[in-house]
Amino acid sequence: MQFDSFADFINMGGYAFYVWLAYGISASALAILIVQSLTKKSKVLKEIGDKIKREERLRQNRSNK
């Protein structure tokens, strides 16, 4: 389907509300997933770092005794 003008493209043949709503919901869902993934990644990396530090402290305490 070709559009004669930019306004026709925006109107989407009378289905603009549904089309742009679908695009908006999809973009929002993707953005939420990206933010959640990045947040979870940083949390997991911090937990791994804390675990490594804790294990190092335990190793040092065992070797000092």
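Further up the page is the structure itself.
None of the values given here were measured: they were computed from a predicted structure.

A. Region of interest: the packing of aromatic side chains. Taken as a whole, this structure holds 5 aromatic pairs when the rule is applied. Centre to centre, the rings of F3 and F9 are 5.6 Å apart; their planes meet at 75°, and the pair counts as edge-to-face. The exposure class assigned to F9 is partly exposed, which follows from its relative accessible area of 31%. An aromatic cluster is built from F3, F6, F9, W20 and Y23, whose rings are joined through pairwise contacts.

B. Inspection of the pattern of salt bridges at higher detail. Counted under the stated rule, the structure contains 2 salt bridges. Measuring nitrogen to oxygen at the nearest pair gives 3.1 Å for the salt bridge that ties D50 to K46. In this pair, D50 and K46 are both assigned in helix α2 (residues 16-64), 4 residues apart and thus about one turn of the helix distant. You can call D50 partly exposed: its relative accessible area is 30%. A relative accessible area of 55% means that K46 is categorised as exposed. Where R59 meets E56, a salt bridge forms, and the shortest distance between an N and an O atom there is 2.8 Å. One end of the pair is R59 and the other is E56, both in helix α2 and 3 residues apart, which spans about a single turn. Taking relative accessible area as the criterion, R59 reaches 48% and is therefore assigned partly exposed.

How each quantity is defined
Residues numbered from 1 in each chain as written. Predicted model: local features only at pLDDT ≥ 70, side-chain atom pairs only at ≥ 80, totals over all residues. Heavy atoms only, no water. Phe/Tyr/Trp six-rings, centres within 6.5 Å; stacked < 30°, edge-to-face > 60°. Buried < 20%, exposed > 50% of the residue type's maximum accessible area, 1.4 Å probe, protein only. Salt bridge = Lys/Arg side-chain N within 4 Å of Asp/Glu carboxyl O. Helix = DSSP H or I, 4+ residues; strand = E, 2+ residues; numbered from the N terminus.

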